[in-house]
Amino acid sequence: MDRFALQALVPLVCIFAAVVRAEDPYRYFTWNVTYGTISPLGIPQQGILINGQFPGPNINSTTNNNLVINVYNNLDEPFLLSWSGIQQRKNSWQDGMPGTQCPIQPGKNYTYHFQVKDQIGSYFYFPSTAMHKAAGAFGGLRVNSRLLIPVPFDDPADDYTVLIGDWYSENHNVLKKNLDSGKLLGKPDGVLINGKSGKGDDKDEALFTMEAGKTYRYRICNVGIKTSLNFRIQEHNMKLVEMEGSHTVQNVYSSLDLHVGQCASVLVTADQTPKGYYMEATTRLTKYVLTATGLIQYAKSKAPPSPALPEAPVGWAWSLNQFRSFRWNLTASAARPNPQGSYHYGGINITRTIKIVSSSGTLDGKLRYAINGASFVHPTTPLKLAEYYGVASKVFKYDTIGDEAPSTKTITIEPVVVNATHRNFIEIIFQNTEKSVQSWHLDGYAFFAVGMGGGTWEPKFRKNYNLLDAVSRHTIQVYPKSWSAVLLSMDNAGMWNLRSEIWERQYLGQQLYISVLSPARSLRDEYNIPENTELCGVVKNLPKPPPYT
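Residues numbered from 1 in each chain as written. Predicted model: local features only at pLDDT ≥ 70, side-chain atom pairs only at ≥ 80, totals over all residues. Heavy atoms only, no water.

Among the seven residues that make up strand β34 (residues 511-517), six are buried, leaving the element largely enclosed by the rest of the structure. In the sheet, strand β26 (residues 416-421) pairs with β34 via five bridges, with the strands oriented parallel. The residue bridging Val-417 from the neighbouring strand is Tyr-513, located in β34. Examined bridge by bridge, strand β33 (residues 494-500) and β34 share six bridges and lie antiparallel to one another. What sits directly across from Arg-499, in β34, is Gln-511. (Buried < 20%, exposed > 50% of the residue type's maximum accessible area, 1.4 Å probe, protein only. Helix = DSSP H or I, 4+ residues; strand = E, 2+ residues; numbered from the N terminus. Pairing = 2+ DSSP bridges.)

In C-alpha cells, the structure reads:
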C-alpha cells in the first residue's frame, strides 16, 4: 500500500474505532426531594415532592440509555428510590431497595447510575423506605424503542402517562405508626389519576387532549399501595400493545384490570363525537367502591363529557379470564432482556420449584405477614453489602425458609435470603390462601406468567401452562384462594427483592431477597460496587474487597 493510500485509510480506521468504543447516550437528572402540602382529595396533607411536583417528573428514555439521577434528600428522615421493572442487569447496587443500599440520609445526596439495557416499555419509580409511597415521590418511567428497531404499530400522535392508585388522606407517618402498633391501614380514602381525584376544583381541567381521527398511546400504571383498579375511557376502546416491557398481541378491551404495581400500554383512537370524555379508575375485588375520573378533551371542542359513566366489571372470574387473553407478541422486533432463546421457554427444563405461601399471625400482640413461615425484617446493614464484604454471617443466614411452607403455623422474624443458582431455570408458585387478591413483584427479572387457577396448586396443573406465548413481565396477581405460576431463568447476578406489592404486607414482613451469586466473580456477570456507594452498619469501616475482573 502506498503512502497516500495509507494516509487516507488512517482517518477511516480512527472513525471506526471511535464508533466501536462509543458509549450509549447519557441522560442526566437532578432531583430535590422535599415535603410539601398537597390536597388530592380536597384535604390538605403532607406530601413528598420531587422538584416541587406531585406526582414526580416523568423519565423519558430510550433502550440502552444511561440514566444518571442525582437525588438530594431534603426530608428529615432517610429516603430511597427504586425503579419498578427496570431490570438493572448485573447491577443490583442501583436497585434502590433497603436490602441492597444504605438509605440517603437527611441533607445528603446520592447519584444513581444505571442503564435501561435491552428494555422497552412502561414502568414507574417509587420510594422504597417506610411508608413514603403513601405520600408521593412516584412518577412514570418510559423506555422507548431505538429508531432502528421497528415497533408493531404506527407512531402515535402523542404518548401519555397515566398513574392510577388508591390514596389515604392521613399523613404517611400516621399510617406507619398504625402498622407499627399492629393495626391495618383499613379502607383507602379515595383513588387518584395523576394525583387528582376529579371531584374537586380540578374536575373540569383536562389532563389530556386528543385530535379527532388521531391515535394516542396511554401508559397506565397502578402506583397505589393496596387496591386493584379497573381502568376505562368513556365510549372508547383500548388496544393493548405492551405490558411491563413486552409487546402483546393487540387485543381490544373496553376496560382493563391493573393490580398494584402493574403497567400496560394501550392505543386509543379519537373516533367519537368531539367533546370531553372521562377516564375512570375504580377499585376492584373489594367490598367498597371508590372511583376517580380524569378528563380527556377533544381539541377545538369545549363540549363537556356525559355524566353517565360506564360501570366496572364485577367479580374476579372476569379478571382471570382477561388475564388468560394476554399473549406475548412473538413476531414483534424488540429488546428482549431474557437470555438468548428463552422465548422458547417451554422447552427449558425446570431445575427448582419454589412455592411462595403467604400467611399472617401476631407476635407480641402485633400483626405480621410472612412467606413460608418467616416475616422479613431489615437489618441495619443492607444484605447485599454484607454479602459483598464477606460478613454475611454477621447479618443474616441463607435459606432459613424452605421451598415450601412448613406444616407449623409459627411465624419467625428474620432477614430472609434465599440462595439461587446462577443461570438455573426455576418455577415459582404463588399460593394465596386468603380471601383478598394479592400482587407480587420480583426486582431484577422478567418472568413468564404461565398460569393461574383456583384452589391449591398441584403438579398436574403444569399441563395447562401456556408454554408458548405467556407475557414476559415482572408483577403477577394471585386471586383469592388461588394460585399463580411463573417461570424464569436466574441469569441476573445480584441481590433481588421479591415482595408483596400490597404495601402494608410488604412493610409487615411479606418480602424476601434472592441472592444470585456468580461463581466466577466476574464483570461478565456482575458490576463492581460503585465508587459512590454509601456504607453503613457493620461494613462501614471495612476495607473494600478486591474488584471483579
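Looking now at the sheet that holds strand β3 (residues 59-62). Strand order across the open sheet formed by four strands is β3-β8-β7-β5, with mixed pairing between neighbours. Each having just a single partner strand, β3 and β5 (81-84) make up the two edges of the open sheet. Taken pair by pair, the neighbouring strands of this sheet meet at an average axis angle of 25°, ignoring direction. Pairing geometry for β5 and strand β7 (residues 121-127), over four bridges, is antiparallel. Bridge pairing links Ser-84 to Phe-124 in β7. (Axes fitted to C-alpha atoms, helices over the stretch in contact; angles between N-to-C directions.)

Across the chain, pLDDT averages 93, with 93% of residues at or above 70. Across residues 1-21, confidence stays below pLDDT 50; counting only partners more than four residues off in sequence or on other chains, it has two contacts. Low pLDDT (under 50) marks residues 337-341, which in the prediction has ten contacts with non-local residues, meaning those over four places away or in another chain. (pLDDT = per-residue confidence, 0-100. Contact = heavy atoms within 4.5 Å.)

Our next topic: the pattern of salt bridges. In this structure the tally under the stated criterion is 23 salt bridges. Arg-217 is paired through a salt bridge with Glu-242; the nearest N and O atoms lie 3.3 Å apart. Residue Arg-217 is located in strand β12 (residues 215-222), and its partner Glu-242 is located in strand β14 (residues 238-243); the two are separated by 25 residues in the primary sequence. For the residue pair Arg-217 and Glu-242, the accessibility class agrees, reading buried in each case. Glu-244 serves as the salt-bridge partner of Arg-473, at 2.9 Å between the closest nitrogen and oxygen. You can see Arg-473 sitting in strand β30 (residues 472-473) and its partner Glu-244 sitting in the loop between β14 and β15 (246-247), a full 229 residues away along the chain. Like Glu-244, Arg-473 is buried. Salt bridges sharing partners connect three or more residues here, namely Arg-142, Asp-159 and Arg-219. (Salt bridge = Lys/Arg side-chain N within 4 Å of Asp/Glu carboxyl O.)

Let us look at the sheet that holds β33. Here six strands make up an open sheet; going across it, the order is β24-β26-β34-β33-β28-β31 and the pairing mixed. Strands with a single pairing partner mark the edges of an open sheet, and in this sheet they are β24 (397-398) and β31 (475-478). Of the pairings in the sheet, the one linking strand β28 (residues 438-442) to β33 comprises three bridges and is antiparallel in character. Paired with His-441 across the two strands is Arg-499, which belongs to β33.

Right, let's talk about the layout of surface pockets for a bit. In this structure, the largest pocket encloses a volume near 610 Å³. Pro-98, Thr-129, Ala-130, His-378 and Tyr-507 are, among the 28 residues lining the largest pocket, the residues nearest its centre. For the lining of the largest pocket, the secondary structure elements donating two or more residues are α2 (172-180), β22 (366-371) and α5 (503-507). Looking at the lining of the largest pocket residue by residue, the class counts come to 15 nonpolar, eight polar and five charged. The volume enclosed by the second largest pocket comes to roughly 430 Å³. In this structure, the second largest pocket is lined by 18 residues; those nearest its centre are Lys-226, Thr-286, Ser-436, Val-437 and Glu-504. In terms of residue class, the lining of the second largest pocket is made up of six nonpolar, five polar and seven charged. (1 Å grid on protein atoms, 1.4 Å probe; cavity = no way out; pocket = protein on both sides within 12 Å on 5 of 7 lines; lining within 4 Å. Points joined across faces, edges and corners; volume = space filled by probe spheres on them. Nonpolar A, V, L, I, M, F, W, Y, C, P; charged D, E, K, R; others polar.)

Relative to the helices and strands, Asn-372 resides in the loop between β22 and β23 (374-376). Residue class for Asn-372 comes out buried when judged on its relative accessible area of 4%. Beyond its immediate sequence surroundings of up to four residues, Asn-372 is in contact with Lys-355, Ile-356, Val-357, Ile-401, Gly-402, Asp-403, Glu-404, Ala-405 and Pro-406.

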